[in-house]
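Structural features, examined
Listed here are the chains, written in short residue letters.
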Amino acid sequence: MIVLENVSKFYGEILGVNKVNLTIPPGITSLVGPNGSGKTTLMNMVAGLLQPTRGKIEVHGLSPLDPERYFRTVGYATQYDGFPSGLTGWQFVHCYLRLFGYSPADTERLAWEAIERTGLREAAERKIAGYSKGMRQRIKLAQAISHRPKVLILDEPLNGLDPLARAETIALFRQLGSEGSHVVISSHILHEVDLISDHVVMMSQGYVVAEGQIKGVRDEISEQPMQILIRCDRPEHLASRLFDHEQVVEAKVHADRAGLLVRTRHAEGFYKLLNHIALDGVTIESVAPADDDAQSVYEYLIGHEESTK
Amino acid sequence: MINRQILAILRIDLAKTFFSKRGLWIYLLALSPVIPMVGHWLFGRADDHALSDDIRAFAGIFQFFYLRIVIFFGCVGIFMNLFRGEMLDKSLHYYMLAPVRREVLVAGKFVSGLVAAITIFCGSVIIQWVGIFAHYSPELIWGYMNSGNGWSHLASYVVAAALACIGYGAIFLWAGVRYKNPLFPAAAILVWEGLNGILPAMLKKVSIIYWLKSVCPISIPPPQTGRGGVWNLLLFDIDPAPPVMAIANLVLLAAFVVVWAALRARRLEISYGTE
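Per chain, residue numbering runs from 1 following the sequence as it is written. Written order determines the labels here, with chains lettered from A and ligands numbered from 1. Restriction of local features to residues with pLDDT of at least 70 applies here, the model being predicted, together with a cutoff of 80 or more for giving and counting side-chain atom pairs; totals for whole chains, interfaces and linings are based on all residues.

**Considerations on the overall build of chain B**
- Secondary structure elements are defined from DSSP: runs of H or I of at least 4 residues count as helices, runs of E of at least 2 residues count as strands, and each element is numbered from the N terminus. What chain B contains, in helices and strands, is 12 helices and 0 strands.
- Its helices and strands taken in sequence order, chain B reads α-α-α-α-α-α-α-α-α-α-α-α from the N to the C terminus.
- Put simply, the radius of gyration uses C-alpha atoms, and a globule should come to 2.2 Å times the residue count raised to 0.38. Taken over the C-alpha trace, chain B has a radius of gyration of 20 Å; the compact-globule value for 275 residues is 19 Å, and the two agree within 12%.
- For chain B, buried positions account for 38% of its 275 residues.
- Once C-beta atoms are placed from the backbone, any two residues with those atoms within 7 Å are in contact. Expressed as a percentage of contacts within chain B between residues at least 6 apart in sequence, the contacts between residues at least 24 apart total 87%. Partly exposed residues are those whose C-beta has more than 12 but fewer than 20 other C-beta atoms within 10 Å; 20 or more makes a residue buried and 12 or fewer makes it exposed, with C-beta atoms placed from the backbone.

Next up, the structure:
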């Protein structure tokens, strides 16, 4: 487990993050929030690059203050595009592994393994200075996974990747997650968060505003009625029947007149009601929540203005 | 394990120091005294001055230019970049994310800076030596080297240059770890070292240059102010320390400062200022 206990970070008087309490389970966890929300600060603290002003961080019981053991467990790909000058992709990973004290044979094997997993075999002997943005992202990822860490922290890892590389990288995250690793990813592309994550941590202005599985987080936002999309044959009739019940706040017939968007404050009660109505001659093709995705939850919690920054 | 880690740091950092375009000025600086000396070799005439004149000229250039300016600024360029330069390049996290104790990282980087600095600046001393004496006849030169003090003088200059790299290197490494803008402490040290000639005896010893001068084989007194009278009272010329003591003091000072830098590095944070 990754455990953060009452973690705060101040840069002088400027707040980085404040009173963060988190327990991150294995699997893929996305950290989302607008620029300046504290995502990178939080990741840098978990990666040991920053020290909390207050609080404690532990990863599998290890502290970042014990780098000899900690960094055998943790791998981090930063968002920074800074590389030691003059290195090829292969040297970048290989030299990093040499810092672990591995034997030359193990170093070479692990370096090639990481480079192949990130699809950079052909470009490995080229200087990083000549890499595209996407290749730089991938070589940073190769560095982060090269020592087979149990915890992988990735700051905006999908930035700059083309669609194919993006799909391959997401597949790699899934594979790592399914192998029991912790994969913590920061992203501002919210539809990818849905695609990737088992869990989500939402941040705003240095605070964690929500955490957990996206559906669970959505269920807890009681002040926002749940939106449910129903595909059916007689939407007007269904709407008129639904308005008789107080848990339905709003019902809008879909533009194609083959569906209905309902807003309800009590989803469980509404589903029971819908079963009852369906027995009364309305043919229902499908029923699906329309706002339990990361984008909707993000907008409810952090606000539309923030989400579009 | 630690040996392998230090070797890994050496391998990365030496390549950067020796072969980076950004370090080109350090080579030029190190070779700057070579130019007049090679000119002296090519265009100088052995019959209009004595060998002892060149021995003294070399000693003066070495003490007043090479140690105080060339090695000083060369070490600023090499050792401050070991941490602060990589902070500016946003590449220091590369080392910080490896399972390397910060103390080992500081030691590895110091050793790599030292290897580079000693190679460059001691190498330059040897080239300068060849340059200034090459126009003499082989018999005269070999006589000076073998029967006179030539080899011991050359060894002393090389040792003094190496000690300058150790002493200044340790201080600038520490400044690079300690300060966001280490050029200010470097400027303060430059002023302090420059004032050494007019400081009271006790304060003279609180400097690198005093101990380096003690290792130099030929004592060149600081130039008088030329104003005479009361101004010359400001010049306290004191006896040099025994070379062994000077070497020991400089090595101990450097060890102390590097340990201090290592302790400081434990709290070093990567803050590239993105958030």
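Picking up after the structure, the text goes on.
**A look at the sheet that holds strand β1 (residues 2-11) of chain A**
Residues and elements named next belong to chain A.
- Think of it this way: DSSP has to see at least two bridges between two strands before they count as a pair. In space, the 3 strands of this open sheet follow the order β2-β1-β4, with antiparallel pairing throughout. Both outer strands of the open sheet, β2 (14-24) and β4 (54-59), are each paired with one neighbouring strand and no more. On average, each strand axis in the sheet is tilted by 20 degrees relative to the strand beside it, whichever way the strands run.
- Bridge count for β1 against β2 is 7 bridges, and the pairing is antiparallel. Bridging across to β2, leucine 4 finds its partner in leucine 22. Axes, fitted as lines to C-alpha atoms, cover a helix only where it is in contact. Angles between the N-to-C directions of the axes lie from 0 to 180 degrees.

**Concerning the interface of chain A and chain B**
- The interface is formed by 28 residues belonging to chain A together with 29 residues belonging to chain B.
- Of the residues forming the side of chain A that touches chain B, the biggest block, 5 residues, is contributed by helix α2 (residues 67-73) of chain A.

**Some points on the confidence of the model for chain B**
- Here chain B shows a mean pLDDT of 85. Residues at 70 or above account for 91%.
- Across the assembled chains, the prediction reports ipTM 0.77 with pTM 0.81. For every residue, the predictor assigns a confidence score, pLDDT, that lies between 0 and 100.

**Considering the domain arrangement of chain A**
- Source of the domain bounds: an automatic or database domain assignment. Along its sequence, chain A is carved into domain 1 (2-218) and domain 2 (225-290).
- One C-alpha centre belongs to domain 1 of chain A, the other to domain 2 of chain A, and the line joining them spans 42 Å.

**Observations concerning the environment of A:Ile277**
Residues and elements named next belong to chain A.
- You can see isoleucine 277 is positioned in helix α10 (residues 267-278).
- Here isoleucine 277 falls in the partly exposed class, since 18 other C-beta atoms lie within 10 Å of it.
- When the C-alpha positions of isoleucine 277 and threonine 53 are compared, they lie 57 Å apart, and in sequence the two are 224 residues distant.
- Setting aside its immediate chain neighbours within four residues, isoleucine 277 contacts Leu238, Arg241 and Val282.

**Quick notes on the packing of helix α3 (residues 89-98) of chain A against helix α4 (residues 104-117) of chain A**
All names here are of chain A.
- For the pair α3 and α4, the least separation of the axes is 9 Å and the interaxial angle reads 135 degrees. The angle between α3 and α4 falls in the class oblique. Where α3 crosses over α4, the two elements pack in a sense that is right-handed. Residues Gly89, Trp90, Val93, His94, Leu97 and Arg98 of α3 touch α4, and the partners they reach there are Thr107, Glu108, Leu110, Ala111, Ala114 and Ile115.
- Looking at the contact of α3 with α4 residue by residue, the class counts come to 7 nonpolar, 3 polar and 2 charged. Roughly parallel refers to an angle under 35 degrees, roughly antiparallel to one over 145, roughly perpendicular to one between 65 and 115, and oblique to any angle outside these ranges. Helix crossings fall into two classes, left-handed where the near helix is turned counterclockwise from the far one by less than a right angle and right-handed where it is turned clockwise. Only Asp, Glu, Lys and Arg are considered charged in this grouping, and only Ala, Val, Leu, Ile, Met, Phe, Trp, Tyr, Cys and Pro are considered nonpolar; every other residue, Gly among them, is considered polar.

**So, helix α1 (residues 39-46) of chain A**
All names here are of chain A.
- Extensive coverage of α1 is indicated by the burial of 8 of its 8 residues.
- Among all positions of α1, only Lys39, Thr40, Thr41, Leu42, Met43, Asn44, Met45 and Val46 are buried.
- At the C-terminal side of α1, glycine 48 shows a positive phi close to 80 degrees.

**Comments concerning the sheet that holds strand β13 (residues 284-289) of chain A**
Residue and element names in this part refer to chain A.
- Strand order in this open sheet of 4 strands is β11-β12-β10-β13, and the pairing throughout is antiparallel. Of all the strands in the sheet, the pair left with one neighbour each is β11 (248-253) and β13. Each adjacent strand pair in this sheet contributes to an overall mean axis angle of 20 degrees, direction not counted.
- The strands touched by helix α9 (residues 235-242) within the sheet are β10 (226-232), β11 and β12 (259-264), with β11 carrying the most contacts at an inclination of about 170 degrees.

**Some words on the nonpolar core**
- We define a nonpolar core as a collection of buried residues of the types Ala, Val, Leu, Ile, Met, Phe, Trp, Tyr and Cys that are connected via C-beta atoms lying within 7 Å of each other. In terms of nonpolar packing, the biggest core is built from 146 residues, with B:Ile71 and B:Cys165 touching the most fellow members.
- The element best represented in this core is helix α8 (residues 150-178) of chain B, accounting for 16 residues.
- Setting aside its immediate chain neighbours within four residues, B:Ile71 contacts B:Tyr66, B:Phe121, B:Ala161, B:Ala164, B:Cys165 and B:Tyr168.
- Formed by 12 residues, the second largest nonpolar core is a distinct cluster that contains A:Ala251, A:Leu260, A:Val262 and A:Phe270.

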